[in-house]
Amino acid sequence: MSTYHLDYLDQLEAESIYILREVAGQFERPALLFSGGKDSIVLAHLASKAFRHGKIPFTFVHVDTGHNFPEVLTFRDQLVHQLEVDLVVRKVEDTIKKKSLTEPKGKFPSRNWLQTYTLLDTIEEFEFDSCIGGARRDEEKARAKERIFSVRDEFGQWDPKLQRPELWNIFNGKIHKGENVRIFPISNWTELDVWNYIRREKIALPSIYFSHNREVVDFNGQWIANSQHASLEVHDFVTTKKIRYRTVGDMTCTAAVESYAETIDAVIEEISATRISERGETRIDDRVTEAAMEDRKKGGYF
């Protein structure tokens, strides 16, 4: 009699698929927040495996800041077509006009803080009772405070002190009308886990995750893409570097890392050698204050 032992990637996959099926079973109008980044792509892959014999029961939602990498948007549209899922795109620019919000200023103006308004409006518009996200606990310390099923009140706000216990993989999705649950199926994964899974499953990714030449500007020791969204000054020096991105965000707030990693194996080797989290190394907006992410999450951010 042979005994089959799951390796750690199998265990992570099984847990995530279980969570996705729990979402489908407990909620009436679930959405999957899809940015086109590696974590949301892995979520889409897991969903396709969880419901391989039928249609994925989640509406994909992209909150478009207008400052996205073109390669990511192209990849998003290709994947949505391939998976045959419904995609809802709502633009931050429209929210700015509708609510008369103040457009961010500066050399690299980021609309990340304004995504919350668009997301909450989208949840209300489609009456989504749950939103699946690709957050991981190793990204940023505020993420580690959150449960897998994270309840938000009728205003979309998160209180880290009011978290439900999740013992023995029992997830409580009961909510009152107007409340919403954010769900994080890969919460127990690390960045390295995600990349090892991508390698094993042969998951395609946008090209920006691998080394390429791009025009960048040195901004406080970080390389930011030169784009039409930047307001450069006379003394700013634009140069071409061999870079790649560890995470996907606005072109104006996501820094690149110098890299020659052109393959998944090379990326994994590079990540294995670093001791800095991807957001800690590459997200400018997370450096505004020490509690920048937590403050945004309390207000309704992803």
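First, a word on scope: everything that follows refers to the structure included in this document. (Residues numbered from 1 in each chain as written. Predicted model: local features only at pLDDT ≥ 70, side-chain atom pairs only at ≥ 80, totals over all residues. Heavy atoms only, no water.)

Before going further, it helps to examine helix H3 (residues 70-83). Between its first and last C-alpha, H3 extends 20 Å over 14 residues, near the 20 Å set by a 1.5 Å rise per residue. Inspection of H3 places Val72, Phe75, Arg76, Leu79 and Val80 among the buried residues, and these make up the whole buried set. On an axial view of H3, the arc spanned by its buried residues comes to 130°, and they lie on one face. Exposed residues on H3 whose side chains face more than 90 degrees from its buried face are His81 and Gln82. Of the surrounding secondary structure, the elements contacted by the buried residues of H3 are helix H2 (38-50), strand E2 (59-64) and strand E3 (87-91). Looking at the residues trailing H3, positive phi occurs at Glu84, about 60°. (Helix = DSSP H or I, 4+ residues; strand = E, 2+ residues; numbered from the N terminus. Expected span 1.5 Å × (residues − 1). Buried < 20%, exposed > 50% of the residue type's maximum accessible area, 1.4 Å probe, protein only. Arc of directions from axis to C-beta. Contact = heavy atoms within 4.5 Å.)

Once that is clear, we can look at a nonpolar patch on the surface. A cluster of nonpolar side chains, contributed by Leu167, Trp168 and Ile170, occupies part of the molecular surface with about 420 Å² of accessible area. As for its placement among the helices and strands, Ile170 is situated in the loop between strand E5 (149-152) and strand E6 (180-183). By relative accessible area, Ile170 is classed as exposed at 55%. (Patch = residues over 30% accessible without salt bridge, like charges linked within 9 Å, V, L, I, M, F, W, Y side chains within 5 Å. Areas by Shrake-Rupley, 256 points an atom, 1.4 Å probe, with all protein chains shown as cover. Salt bridge = Lys/Arg side-chain N within 4 Å of Asp/Glu carboxyl O.)

If a strand is regular, its side chains alternate between the two faces of the sheet. By the alternation rule, side chains of strand E1 (residues 30-33) split into Pro30 and Leu32 and Ala31 and Leu33, which are all buried. Note that E1 and strand E4 (residues 130-132) share three bridges and pair parallel. Each bridged residue has a counterpart across the sheet, and for Pro30 the counterpart in E4 is Ser130. Here E1 runs beside E2; their pairing, made up of three bridges, is parallel. Its bridge partner being in E2, Ala31 is matched across the sheet by Thr59. (Pairing = 2+ DSSP bridges.)

As a further point, take the packing of aromatic side chains. Here the structure, examined in full by the defined rule, presents 11 aromatic pairs. Ring geometry for Tyr18 and Phe171: centres 6.1 Å apart, planes at 50°, overall tilted. Of this pair, Tyr18 sits in helix H1 (residues 8-26) while Phe171 sits in the loop between E5 and E6, and the two are 153 residues apart along the sequence. Taking the relative accessible area as the measure of exposure, Tyr18 reaches 35% and is therefore partly exposed. For the ring pair Phe108 and Phe219, a centre distance of 5.1 Å and an interplane angle of 75° mean the geometry is edge-to-face. Here the residue Phe108 occupies a position in the loop between helix H4 (92-99) and helix H5 (115-126), and Phe219 occupies one in strand E7 (residues 212-219), the gap between them amounting to 111 residues. Using a relative accessible area of 21% as the deciding quantity, one classes Phe219 as partly exposed. (Phe/Tyr/Trp six-rings, centres within 6.5 Å; stacked < 30°, edge-to-face > 60°.)

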